[in-house]
Amino acid sequence: MSSHRYHQHFTVSWDQLHRDVRELCHRLIERDFKGIVAITRGGLIPAALIARELNVRLIDTVCIKSYDHMDQGGLDVMKGVDHDGDGWLLVDDLVDTGKTARKVREMLPKAHFVTVYAKPEGRPLVDQYLTEVAQDCWIQFPWDMGIAYVEPLVDQVKR
Ligand SMILES: O=P(O)(O)OC[C@H]1O[C@H](OP(=O)(O)OP(=O)(O)O)[C@H](O)[C@@H]1O
Ligand SMILES: Nc1nc2[nH]cnc2c(=O)[nH]1
Ligand SMILES: [Mg+2]
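Being a predicted model, the structure only gives us computed values, none of them experimental.

1. A short note on the site of ligand 2
Then comes step 1: Taken together, the residues surrounding ligand 2 are Y6, Y67, L94, D96, K119, C137, W138, I139 and F141.
Then comes step 2: Within the side chain of K119, a nitrogen or oxygen atom sits 2.8 Å from an oxygen atom of ligand 2.
Then comes step 3: I139 is positioned such that a nitrogen or oxygen atom in its backbone is 2.7 Å from a nitrogen atom of ligand 2.
Then comes step 4: Burial of ligand 2 by the surrounding chains reaches 88%, relative to a free accessible area of 280 Å².
Then comes step 5: For the shell around ligand 2, the element with the most residues is strand β8 (residues 137-140), which contributes 3 residues.
Then comes step 6: Partitioning the shell around ligand 2 into residue classes produces 7 nonpolar, no polar and 2 charged.

Following this line, the structure appears as structure tokens:
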């Protein structure tokens, strides 16, 4: 599958991401977790922020790659964990088609799985998420962006 499926962009700033993760933490505060499993790489930053809010120190990773920028390839699992996820919080930044989530759920069937953003196809695979985003929308994360100069409108339009 390729970038042709994305027709809109949803740009998330660092501030927005931080606010969203904190809101997700409000919904997790009543639960106790043995630790957090972050799905690399996208799950690492939300996992660090959640660990701070919930005072969790034990953090593990499932290392998996599915996309090369907007192009979806085969799943490459580089590292798993040696338990079934019982009592653990499993964290990713987003669920899109659900392919990554399905694979990781097989590996950790008992974990409580959360993402910050969820698209409709992947939504049924997570236990909790904060914000739903349209299926044809590419979520642009702050770690993939930089600050750039923008020409004044008059120069863009009239030159
Ligand atoms: O629901 P899916 O269609 O499987 O897509 C979701 C996955 O895609 C992205 O990871 P990616 O493979 O791009 O790797 P990264 O986290 O290292 O950026 C994202 O972080 C999710 O893990
Ligand atoms: N950054 C980013 N990675 C993805 N991987 C799968 N879907 C997406 C998306 O919408 N944004
Ligand atoms: Mg990922």
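Text resumes after the structure shown.
2. Some words on the packing of aromatic side chains
Then comes step 1: Inspection of the entire model under this criterion finds 6 aromatic pairs.
Then comes step 2: For the pair F141 and W143, a centre-to-centre distance of 4.6 Å together with 10° between the ring planes defines the contact as stacked.
Then comes step 3: Counting every residue linked through ring pairs, the aromatic cluster contains F10, W14, Y117, F141 and W143.

3. Overview of the pairing of β8
Then comes step 1: The side-chain alternation of β8 yields two buried faces, one formed by C137 and I139 and the other by W138 and Q140.
Then comes step 2: Pairing geometry for strand β1 (residues 8-11) and β8, over 4 bridges, is parallel. Bridge pairing links H9 to W138 in β8.

4. Examining the site of ligand 1
Then comes step 1: Looking at ligand 1, there are 16 residues lining it, with Y67, D92, D93, T97 and T100 nearest.
Then comes step 2: Within the contact set of ligand 1, an oxygen atom lies 2.6 Å away from a side-chain nitrogen or oxygen of Y67.
Then comes step 3: With the chains in place, 89% of the 490 Å² that ligand 1 exposes on its own is no longer accessible.
Then comes step 4: Of all the elements in the fold, those that place two or more residues in the shell around ligand 1 are β3 (59-68), β5 (88-95) and α3 (99-107).
Then comes step 5: No other element matches β5, which puts 4 residues into the shell around ligand 1.
Then comes step 6: The class makeup of the residues in the shell around ligand 1 is 3 nonpolar, 7 polar and 6 charged.

The rules we used
Residues numbered from 1 in each chain as written. Chains lettered and ligands numbered in written order. Predicted model: local features only at pLDDT ≥ 70, side-chain atom pairs only at ≥ 80, totals over all residues. Heavy atoms only, no water. Near = heavy atom within 4 Å. Polar contact = N/O pair within 3.5 Å; in protein donor to acceptor, adjacent residues only side chain to side chain. Areas by Shrake-Rupley, 256 points an atom, 1.4 Å probe, with all protein chains shown as cover. Helix = DSSP H or I, 4+ residues; strand = E, 2+ residues; numbered from the N terminus. Nonpolar A, V, L, I, M, F, W, Y, C, P; charged D, E, K, R; others polar. Phe/Tyr/Trp six-rings, centres within 6.5 Å; stacked < 30°, edge-to-face > 60°. Buried < 20%, exposed > 50% of the residue type's maximum accessible area, 1.4 Å probe, protein only. Pairing = 2+ DSSP bridges.

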